[in-house]
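Structural overview for review
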Amino acid sequence: MDPESARRAVAAVWRIESARIVATLTRIVGDFALAEDLAQDALAEALAQWPASGIPSNPGAWLTAVGKRRAIDGWRRRERYDERLAAIAHDLEREQAEAADATGDLPYDPDAIDDDVLRLVFVSCHPVLSREARVALTLRVVGGLTTDEIARAFLVPVSTVQQRIVRAKKTLGDAGVPFEVPPRSEFPARLGTVLGVLYLIFNEGHSASAGDDLMRPELSREALRLGRILAGLVPREPEVHGLVALMELTAARFPARLDAHGDPVLLPDQDRRRWDRSAITRGRAALARADAIGRGRGAYSLQAAIAEQHDIAPSVDDTDWPTIVALYEALEQVAPSPVVELNRAVAVAMADGAEAGLAIVDGLAADGRLANYHPLQAVRAELLERLGRADDAREAFAEAARLTANERERAVLLARASRPDAR
């Protein structure tokens with residue numbers, strides 16, 4: 001294997017497995033920053049060995065094993081080998097005890113979670129960190145997003161994100177934060193951030209902010225998996241069920257979102273027969289569970305209700321757009337943001353005409369809140385095209401292409417810019 005192929009293979013494995021590798025190493029060494037350093041060392045070793053030896057059958061396990069060996073080497077050098085071996089033995093005893101719990105041989109702990117990645121999420125969302133630092137750190141370590149991608153998601157400089165992550169790691173180390181799911185009494189201090197980062201990780205999988213692929217579905221699947229575990233841990237929290245519902249109902253459309261070449265297929269053109277009906281059923285059931293708790297719909301439940309309207313409609317024209325507009329208006333009251341306002345503009349355009357939607361979009365463009373957010377220009381271009389303003393649409397498509405960092409999406413937008421009247 002040539003070095004470039006090995007580099008691409010390592011990058012692909014890291015993108016998929018990094019959260020589990022770092023989480024496992026954190027559990028073993030008890031130090032988040034050290035665990036990430038060990039994982040990076042393992043990556044360097046893979047780049048050195050894989051060109052000659054080939055990709056191992058289980059590359060994630062290979063990287064984890066290398067990280068463990070590096071940890072043991074470090075303990076030996078610091079003359080703490082025996083102490084740490086005892087710690088590993090203790091971990092093995094604990095794991096065996098947890099296995100016994102599952103068979104009923106020991107008392108059952110309803111708060112125990114045998115999932116290193118979810119523990120890592122809770123550690124990254126510790127209240128000792130600022131909210132901004134929690135989100136940045138979790139997206140970096142659990143979501144595998146680069147600092148550039150995180151900066152784009154929050155419309156802040158890359159240096160700001162880098163500083164937040166470095167400070168967060170140091171703060172966690174100085175505070176000696178344990179690698180564990182917190183007691184139930186501490187959930188309220190962390191749950192909102194945990195839900196927020198799962199939502200952002202899912203969205204990065206739904207629409208990759210950069211790179212050659214439009215989607216990163218492995219990220220969305222991992223966010224959904226963790227959301228389901230979390231829903232089992234806190235079954236009386238409606239917004240957990242609301243987030244699960246939103247992810248299920250959105251992921252249901254994944255099979256029809258790309259064509260055979262990996263290019264996006266817009267909602268009006270999707271073959272709805274390819275949508276995952278099982279996911280739709282699960283999502284609607286999760287939304288019903290959220291509603292049954294009886295505290296009213298929060299931001300995630302409202303977004304799930306919007307996704308539900310799309311999923312149950314036989315076509316775009318037969319979608320209940322007035323209901324979707326009303327749901328977006330409610331969402332603006334609960335969680336106001338310019339992105340919500342932009343999405344409402346799309347629904348208004350479908351319910352009341354392109355001119356009405358464009359008025360909202362132009363207002364957003366004028367106030368500058370989404371100046372570097374390429375979907376604003378993409379939506380504006382679509383509406384201008386519908387109104388027959390071909391030259392203006394061409395300029396908006398070109399501006400959207402300039403602003404996006406996703407290569408696949410840029411190519412599609414540039415193609416639209418060259419022929420804006422062709423859908």
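Residues numbered from 1 in each chain as written. Predicted model: local features only at pLDDT ≥ 70, side-chain atom pairs only at ≥ 80, totals over all residues. Heavy atoms only, no water.

- Going by an unreviewed UniProt entry, the protein chain carries the name RNA polymerase sigma factor and comes from Agromyces flavus.
- Listed under Sequence similarities (unreviewed entry) in UniProt, the entry text for the protein chain is "Belongs to the sigma-70 factor family. ECF subfamily." (UniProt positions renumbered as here; feature names shortened; annotations may be inferred.)

1. A short note on the overall build of the protein chain
- The number of helices and strands found in the protein chain is 19 helices and 2 strands.
- Among the 423 residues that make up the protein chain, the fraction classed as buried is 48%.
- Partitioning the intrachain contacts of the protein chain with sequence separation of at least 6 by distance along the chain shows that 64% fall at a separation of at least 24.
- In the structure as shown, the protein chain presents an accessible area of about 19,800 Å², 52% of it carried by carbon and sulfur atoms. (Helix = DSSP H or I, 4+ residues; strand = E, 2+ residues; numbered from the N terminus. Buried < 20%, exposed > 50% of the residue type's maximum accessible area, 1.4 Å probe, protein only. Contact = heavy atoms within 4.5 Å. Areas by Shrake-Rupley, 256 points an atom, 1.4 Å probe, with all protein chains shown as cover.)

2. Concerning the packing of helix α9 (residues 187–206) against helix α11 (residues 238–251)
- The contact between α9 and α11 brings their axes to 11 Å, and the two run at 5 degrees. When the interaxial angle is binned, α9 and α11 end up roughly parallel. Contacts between α9 and α11 involve L191, L195, L198, Y199, F202 and H206 on the former and, on the latter, E239, V240, L243, L246, M247, T250 and A251.
- Classifying every residue of the contact of α9 with α11 by side-chain character gives 10 nonpolar, 2 polar and 1 charged. (Axes fitted to C-alpha atoms, helices over the stretch in contact; angles between N-to-C directions. Parallel < 35°, antiparallel > 145°, perpendicular 65-115°, else oblique. Nonpolar A, V, L, I, M, F, W, Y, C, P; charged D, E, K, R; others polar.)

3. Description of the environment of A11
- Along the polypeptide, A11 turns up in helix α1 (residues 3–29).
- Overall, A11 belongs to the partly exposed group, its relative accessible area being 41%.

4. What to know about the pattern of salt bridges
- For the structure shown, the criterion picks out 26 salt bridges.
- Taking the shortest distance from any N to any O, the salt bridge between D291 and R297 comes out at 2.8 Å.
- A salt bridge links R394 to D391, with the nearest nitrogen and oxygen atoms 2.9 Å apart. Of the two residues, R394 and D391 are both situated in helix α18 (residues 390–403); the distance of 3 residues between them amounts to about one turn of the helix.
- For R394, a relative accessible area of 34% puts it in the partly exposed group.
- The exposed category is assigned to D391, whose relative accessible area is 53%.
- Within this structure, R20, E222 and R225 form a network of salt bridges that share partners. (Salt bridge = Lys/Arg side-chain N within 4 Å of Asp/Glu carboxyl O.)

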